[in-house]
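Structural features, examined
Residues per chain, in single letters:
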Amino acid sequence: MDVMEAMIVTFALKFLGLQETSSEGTPQVDMARENGVDEKRHILHTIAERFLDEEANMTEQLMEEILSETEDMETEELGLKEMEQDGHYVCSFCGMIYTSMGWLKRHLGQKHGFTFHNKNDWRDIPEELTGNVKIVFLMACLILHDTSNAYSLGDGNRVLRNAKFECLIHATSGHTKYRLWLWRTLAYEKAILSEKQAYEYKWNCAVNMRGGLSHNIPNDNLVEITVHKIKDRIRAAGANLTYNAARTLALSIDTSADIVHNMQQQANSRVKGRSRSDSKATDISEMCNMLKKSSFFDNSVRLSGFRGFKSPSKASISRIKDWLSKQKARAHMEMY
């Protein structure tokens, strides 16, 4: 996380025209330091919009094109569903009957001159409108950082909001397993669970093991930690282990070690093997200096690690919509 935060800070320094983390900022940054919460939020929102427009090239024109394409596909889907009768598809122009929507679309294209959105892997967008791949990578870092912060504070709203963007990133990178998990998370909260259950599902996404602010972790991480502790205690039991002993060990797992660790931190006492040599701010400042000396932020330099990296803005909207339609039909059978 420290390396990722150093990359974000370094780009922010470059974008705002600052030399060091302690340098005097632009008038906008200076105003954000002096004003209240609402003014700070407005100034940061303005800076974020400038970043999207100047660096990421996520312009209003691109957003309008994606919205227009989505609306056209919705109109196509509604028109095809109107031709469905008793499990078959009847052409409303000539009365031909087909057993699948695919054959009907082929017939409409060949006989009646209809054109439908294809399912190409990538949208035909000029490279200058997709943004530099390094910028897209930094945007993914920002989403990951915001999601980690949301879990640490137990903010279910931000977790689910970011899940939409993460689902799009996984769709373009081919990570089907994570994409499906994120979509089902949204489906449970938006459609499947009752209002009360959805509220509990959203706001019980994290658990606090040590007490205090920003110490929450995701529930699945708690399961992994608990299983690891149980295995350690079972291994320590050795040959004397029995079923009842293992059951007692599992039931005795608690958060006492984490509570002791939290108390030691509050008392400013060092925990053996867990202390840092320097502060986090010092480490990030040093990493920022190293990144500024490197060629990472030079757009003319192509890094081998980003070979084949594709921007989510080039994803095929029709392919994504087709995948979502299939998952809705599957969810109707498996998740209800």
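Residues numbered from 1 in each chain as written. Predicted model: local features only at pLDDT ≥ 70, side-chain atom pairs only at ≥ 80, totals over all residues. Heavy atoms only, no water.

On to the nonpolar core. Judged by nonpolar contacts, the single largest core of 18 residues is most densely connected at A6, F11, F15, L138 and F297. Listed by contribution, the elements that provide at least two residues to this core are α1 (2-16), α3 (37-54), α6 (133-153) and α13 (280-293). The element that contributes the greatest number of residues to this core is α1, accounting for six residues. Leave out the neighbours within four places in its chain, and F15 touches I47, R50, F51, E54 and E55. (Core = buried A, V, L, I, M, F, W, Y, C linked by side-chain atoms within 4.5 Å. Buried < 20%, exposed > 50% of the residue type's maximum accessible area, 1.4 Å probe, protein only. Helix = DSSP H or I, 4+ residues; strand = E, 2+ residues; numbered from the N terminus. Contact = heavy atoms within 4.5 Å.)

Glancing now at the side chain of E5. If you trace the backbone, E5 turns up in helix α1. Taking relative accessible area as the criterion, E5 reaches 13% and is therefore assigned buried. At 3.1 Å, the side chain of E5 and the side chain of K280 are in polar contact. Setting aside its immediate chain neighbours within four residues, E5 contacts H145, K280 and I284. (Polar contact = N/O pair within 3.5 Å; in protein donor to acceptor, adjacent residues only side chain to side chain.)

This paragraph deals with the sheet that holds strand β2 (residues 88-90). If you trace the three strands from one edge of the open sheet to the other, you get β1-β2-β3, paired in antiparallel fashion. Looking at strand neighbours, the two that pair on one side only are β1 (84-85) and β3 (97-98), the edges of this open sheet. The sheet contact formed by β1 and β2 spans two bridges and is antiparallel. By the bridge assignment, E84 is partnered in β2 with Y89. (Pairing = 2+ DSSP bridges.)

A few words now on the environment of K229. Mapping K229 onto the fold places it in helix α10 (residues 219-237). Once the C-alpha coordinates of K229 and A250 are considered, the two residues, 21 residues apart in sequence, prove to be 8.7 Å apart.

With 18 residues, α3 should reach 26 Å at 1.5 Å per residue; the first-to-last C-alpha distance of 26 Å fits that figure. Those residues of α3 lying buried are I43, I47 and F51. The buried residues of α3 occupy one face: seen down the axis, they fall within an arc of 85 degrees. Among the exposed residues of α3, those oriented more than 90 degrees off its buried face are D38, R41 and H42. (Expected span 1.5 Å × (residues − 1). Arc of directions from axis to C-beta.)

With that out of the way, let us pick up the pattern of salt bridges. Applying the stated criterion across every chain, the model contains 10 salt bridges. A salt bridge links R41 to D38, with the shortest nitrogen-to-oxygen separation between them at 3.2 Å. Note that R41 and D38 are positioned in helix α3 at a spacing of three residues, about one turn of the helix. Comparing R41 with D38 shows no difference in burial state: the two are exposed. (Salt bridge = Lys/Arg side-chain N within 4 Å of Asp/Glu carboxyl O.)

By secondary structure assignment, the location of G212 is in the loop between β4 (206-208) and β5 (216-218). Along the backbone, G212 and N262 are 50 residues apart, and their C-alpha atoms lie at a distance of 8.2 Å.

What follows concerns the packing of aromatic side chains. Working definition: an aromatic ring pair is given by the centre-to-centre distance plus the angle between the planes. Applying the stated criterion across every chain, the model contains four aromatic pairs. Consider the rings of F11 and F15, whose centres lie 6.1 Å apart with planes at 15 degrees: the pair is stacked. With a gap of four residues between them, F11 and F15 both fall in helix α1, about one helical turn apart. In this structure, F11 and F15 share a single accessibility class: buried. On the numbers, 6.0 Å between centres and 55 degrees between planes, the contact of Y188 with Y201 is tilted. In this pair, Y188 sits in helix α8 (residues 176-192) while Y201 sits in helix α9 (residues 195-203), placing the two residues 13 residues apart along the sequence. Using a relative accessible area of 33% as the deciding quantity, one classes Y201 as partly exposed. (Phe/Tyr/Trp six-rings, centres within 6.5 Å; stacked < 30°, edge-to-face > 60°.)

With that out of the way, let us pick up unusual backbone geometry. Positive phi outside glycine occurs at D86, with the angle close to 55 degrees. Tracing the backbone shows D86 in the loop between β1 and β2. Positive phi is not limited to glycine here, since S214 has a value of about 60 degrees.

Time to look at the side chain of T147. The topology assignment puts T147 in helix α6. The buried category is assigned to T147, whose relative accessible area is 8%. Within the structure, T147 has its side chain in polar contact with the side chain of E166 (distance 2.7 Å). Non-local contacts of T147, meaning those with residues more than four positions away in its chain, are made with N162 and E166.

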